[in-house]
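Descriptive structure summary
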Amino acid sequence: MIELQIPGWGSLALDYAVFDVNGTLAVDGQLITGVEPLIAQLRGKLEVRLLTADTHGRQAEIDRQLK
């Protein structure tokens, strides 16, 4: 869980992070350099979920890289 203090609003507790894969974490079916360690850091604090249409047919490989 990550807890954020938002000025003028209060605290927000996050349990999940949801990312679109293509165009956010990957380009043309290839992970963007540096994404793997960042997702690993988040996985230590949040449940990470990945969404994709798998346009390039590489999501299984991306899943293996991000585990």
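Residues numbered from 1 in each chain as written. Predicted model: local features only at pLDDT ≥ 70, side-chain atom pairs only at ≥ 80, totals over all residues. Heavy atoms only, no water.

1. Description of the overall build of the protein
Scanning the protein for helices and strands turns up 2 helices and 6 strands. Reading the protein from its N end, one meets helices and strands in the order β-β-β-β-β-α-β-α. Whereas a compact globule of 67 residues would reach a radius of gyration of roughly 11 Å, the protein reaches 14 Å, over 25% beyond that. By principal-axis analysis of the C-alpha atoms, the protein measures approximately 45 × 20 × 15 Å. (Helix = DSSP H or I, 4+ residues; strand = E, 2+ residues; numbered from the N terminus. Rg over C-alpha atoms; globule rule 2.2 N^0.38 Å.)

2. A look at the side chain of Gln-59
Residue placement: Gln-59 occurs in helix 2 (residues 59–65). On the basis of relative accessibility, which here comes to 10%, the residue Gln-59 falls in the buried class. Contact partners of Gln-59, with chain neighbours within four places excluded, come to Val-21, Leu-50, Thr-52 and Asp-54. (Buried < 20%, exposed > 50% of the residue type's maximum accessible area, 1.4 Å probe, protein only. Contact = heavy atoms within 4.5 Å.)

3. Topic: the pattern of salt bridges
Taken as a whole, this structure holds 2 salt bridges when the rule is applied. For the salt bridge of Arg-49 with Glu-47, the shortest nitrogen-to-oxygen distance reads 3.5 Å. The salt bridge involving Glu-61 is made with Arg-64; its shortest N-O contact spans 3.1 Å. Here Arg-64 and Glu-61 lie together in helix 2, a separation of 3 residues that amounts to about one turn. (Salt bridge = Lys/Arg side-chain N within 4 Å of Asp/Glu carboxyl O.)

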